[in-house]
Amino acid sequence: MYNVFVRANAVFFYWTTVIFFLSMGCSTTSFFFESNPTISMSLNKFEELSYVKSYNAENALFSLDIDADLTTLFNWNVKQLFVWISAEYKTRSYEKNQVILWDTIIEDVSEAHLLLKDEKLKYELTSFEKELRNRKINLTLSWDIMPVVGVLKMQGGQVSNVHQITLPKKYVKLTAR
């Protein structure tokens, strides 16, 4: 009465259903997992605040010391972390300016303790409004958790680890690039 295709179909969809419910269980239980990352970030060296004529903009370059223990973010449902440092500041032109200055992808818990000294910015802080001089800038280390199964958990660490720096009043160039 039942041929090979009907039996294969029944076995396939049985195991598909089992995998679906196991995946949902994995995703659901990871919401109850608490994490407590510790983050310390400080300005190591201010290198440059200059006017770039070809861009008609201001550039700021500096390096940071970063000590971020993100190992507690990893659990059985974390595939990778996308970690970035953003700068946020106010100008007369715009109430909120946000720029990503540095980023990395962490794929394993053994790589999740970032201990970086004199880490240069990956991306320059550039302002086309030419309003960077004497500006207070909030630096924030944030992360997105990419799960194996389930919902992407976005922008963790927004409030708890803001570090404020103030840019110089005049254009400076301390080191040669």
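Above this text is the structure in question.
Residues numbered from 1 in each chain as written. Predicted model: local features only at pLDDT ≥ 70, side-chain atom pairs only at ≥ 80, totals over all residues. Heavy atoms only, no water.

**What to know about the overall build of the chain**
Of the regular secondary structure elements, the chain holds 1 helix and 10 strands. When the elements of the chain are put in sequence order from the N terminus, they spell out α-β-β-β-β-β-β-β-β-β-β. Its C-alpha radius of gyration of 23 Å places the chain more than 25% over the 16 Å reference for a compact globule of 177 residues. Dimensions along the principal axes, computed over C-alpha positions, put the chain at roughly 85 × 30 × 30 Å. Residues counted as buried form 36% of the 177 residues belonging to the chain. Long-range pairs, those at least 24 residues apart, make up 70% of the contacts in the chain with a sequence separation of at least 6. Between the averaged position of the 19 positive side-chain charges in the chain and that of its 19 negative side-chain charges there is a distance of 7 Å. (Helix = DSSP H or I, 4+ residues; strand = E, 2+ residues; numbered from the N terminus. Rg over C-alpha atoms; globule rule 2.2 N^0.38 Å. Buried < 20%, exposed > 50% of the residue type's maximum accessible area, 1.4 Å probe, protein only. Contact = heavy atoms within 4.5 Å. Lys, Arg positive; Asp, Glu negative; His and termini not counted. Charge placed at Lys NZ, Arg CZ, Asp CG, Glu CD.)

**Section: the nonpolar core**
Judged by nonpolar contacts, the single largest core of 32 residues is most densely connected at Phe62, Leu70, Leu81, Val83, Leu125, Leu139 and Leu167. Secondary-structure elements contributing two or more residues to this core are strand S1 (38–52), strand S2 (57–69), strand S3 (78–89), strand S4 (97–106) and strand S7 (136–147). Here this core gets 6 residues from one element, more than from any other, and that element is S3. Those residues within four positions of Leu139 in sequence are excluded, and the remaining contacts are Met41, Phe62, Leu64, Ile85, Ser86, Ala87, Leu101, Asn161, Val162, His163 and Ile165. (Core = buried A, V, L, I, M, F, W, Y, C linked by side-chain atoms within 4.5 Å.)

**Quick word on the packing of aromatic side chains**
Scanning the model with the defined rule gives 6 aromatic pairs in all. Pairing Phe12 with Phe13 gives two aromatic rings, centres 5.0 Å apart and planes at 85°, and the pair type is edge-to-face. When the ring of Phe20 is compared with that of Phe21, the centres are 5.2 Å apart and the planes differ by 75°; the resulting orientation is edge-to-face. (Phe/Tyr/Trp six-rings, centres within 6.5 Å; stacked < 30°, edge-to-face > 60°.)

**So, a nonpolar patch on the surface**
Side chains of Val11, Tyr14 and Trp15 sit close together on the surface and give an oily, nonpolar patch of about 350 Å² of accessible area. Note that Trp15 resides in helix H1 (residues 4–29). You can call Trp15 partly exposed: its relative accessible area is 49%. (Patch = residues over 30% accessible without salt bridge, like charges linked within 9 Å, V, L, I, M, F, W, Y side chains within 5 Å. Areas by Shrake-Rupley, 256 points an atom, 1.4 Å probe, with all protein chains shown as cover. Salt bridge = Lys/Arg side-chain N within 4 Å of Asp/Glu carboxyl O.)

**Quick notes on the environment of Leu73**
Summarising the element assignment, Leu73 is placed in the loop between S2 and S3. On the accessibility criterion, Leu73 (4% relative accessible area) is buried.

**Describing the environment of Ser86**
Looking at where Ser86 falls in the secondary structure, it is placed in strand S3. Along the chain, Ser86 and Asp108 lie 22 residues apart, while their C-alpha atoms are 23 Å from each other. With residues up to four places along the chain from it excluded, the contact list for Ser86 reads Val99, Ile100, Leu101, Asn138, Leu139 and Thr140.

**Structural notes on unusual backbone geometry**
Even without glycine at this site, Asn56 takes up a positive phi of about 55°. On the secondary structure map, Asn56 appears in the loop between S1 and S2. For Asn56, a relative accessible area of 38% translates into the label partly exposed. Backbone geometry at Asn134 places phi at a positive 55°, although glycine is not the residue there. Within the fold, Asn134 resides in the loop between strand S6 (125–127) and S7.

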